[in-house]
Amino acid sequence: MFALGQVVFSKYGRDKGKAFIVTAEEGEFIYLVDGRLRTLAKPKKKKAKHVQITYHIDNEIGEKLGLKKYLNDADFRKALRVYDKDYRSLSDNLTDLSGETAEKKGEC
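No experiment lies behind these values; they were computed from the predicted model shown.

J.: Looking at this structure, I do not really get the side chain of Gln6. What am I missing?
T.: Its place among the elements puts Gln6 in strand 1 (residues 6-10). A distance of 3.1 Å separates a polar side-chain atom of Gln6 from the backbone nitrogen of Ala3.

This is how it looks when you write it as C-alpha cells:
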C-alpha cells in the first residue's frame, strides 16, 4: 500500500498536517520520519488510516531505504522542506467564514 520514500501527511494527533516520509510498513502500521522530531533512530509509528497519502515518492530516499544504504536526518529534512513551506503559506492565508484572513484579524 505504501512505498518506501513516499510522502504522507498526518491527519490526526498533535502532528496533524505535518509531512513525513514512510520508512517502513508493518501490518496496519507505518513508520514515519521527518528528520527533526522524528528521526531515523526514533521513527513515528502510526496507523496507516491516520495519514493522507500523496503520490509523491522521493526516489533517492526510497532507493537508499530499499538497499539499506546510509541516510541521515538531513536527507529527510531536505526532501520535506518544500512541503513545510507550502503548508505554512497555506495556513497563513486561510480565511474564516467572514472572509477575513487570520492576518487581518491580528490572530497570527
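Read on, since the account is not over.
J.: How should I be thinking about the pattern of salt bridges in this particular structure?
T.: Between side chains of opposite charge, pairing is possible as soon as their charged atoms come close. Enumeration over the complete set of coordinates arrives at four salt bridges. Between Asp34 and Lys18 there is a salt bridge whose closest N-O contact spans 2.8 Å. Here Lys18 lies in the loop between strand 1 and strand 2 (19-26) and Asp34 lies in the loop between strand 3 (29-33) and strand 4 (44-47), a separation of 16 residues in the sequence. The class for Lys18 is partly exposed, based on a relative accessible area of 27%. For the salt bridge of Glu60 with Lys64, the shortest nitrogen-to-oxygen distance reads 3.6 Å. Residue Glu60 and its partner Lys64 are located together in helix 1 (residues 59-66), separated by four residues, close to a single helical turn. According to the relative accessible area criterion, Lys64 is partly exposed, its value standing at 23%.

J.: Which parts of the structure should I look at to understand helix 1?
T.: Note: α-helices contain 3.6 residues per turn, so residues at a spacing of three or four share the same orientation. When we look at burial in helix 1, the residues that qualify are Ile61, Gly62 and Leu65. The arc enclosing the buried residues of helix 1, seen along the axis, measures out at 100 degrees, which places them on a common side. For helix 1, exposure combined with an orientation more than 90 degrees from the buried face picks out Asn59, Glu60 and Glu63. For helix 1, the N-terminal capping position is held by Asp58, with its side-chain oxygen 3.3 Å away from the main-chain nitrogen of Glu60. A positive backbone phi angle near 60 degrees is found at Lys68, which sits one or two residues after helix 1.

J.: What is the right way to read the nonpolar core from this model?
T.: Nonpolar side chains in soluble globular proteins tend to be buried together. Of all hydrophobic cores here, the largest spans 12 residues; its members are Val7, Phe9, Ala19, Ile21, Val33, Ile61, Leu65, Leu71, Phe76, Ala79, Leu80 and Tyr83. Secondary structure elements with two or more residues in this core: strand 1, strand 2, helix 1 and helix 2 (73-92). Ranked by residues supplied to this core, first place goes to helix 2 with four residues. Look past the residues within four positions of Leu71 in its chain and what remains in contact with it is Leu40, Ile61, Lys64, Leu65 and Phe76. Judged by nonpolar contacts, the second largest core, of eight residues, contains Val8, Phe20, Ala48 and Val51.

Procedures and definitions
Residues numbered from 1 in each chain as written. Predicted model: local features only at pLDDT ≥ 70, side-chain atom pairs only at ≥ 80, totals over all residues. Heavy atoms only, no water. Helix = DSSP H or I, 4+ residues; strand = E, 2+ residues; numbered from the N terminus. Polar contact = N/O pair within 3.5 Å; in protein donor to acceptor, adjacent residues only side chain to side chain. Salt bridge = Lys/Arg side-chain N within 4 Å of Asp/Glu carboxyl O. Buried < 20%, exposed > 50% of the residue type's maximum accessible area, 1.4 Å probe, protein only. Arc of directions from axis to C-beta. Core = buried A, V, L, I, M, F, W, Y, C linked by side-chain atoms within 4.5 Å. Contact = heavy atoms within 4.5 Å.

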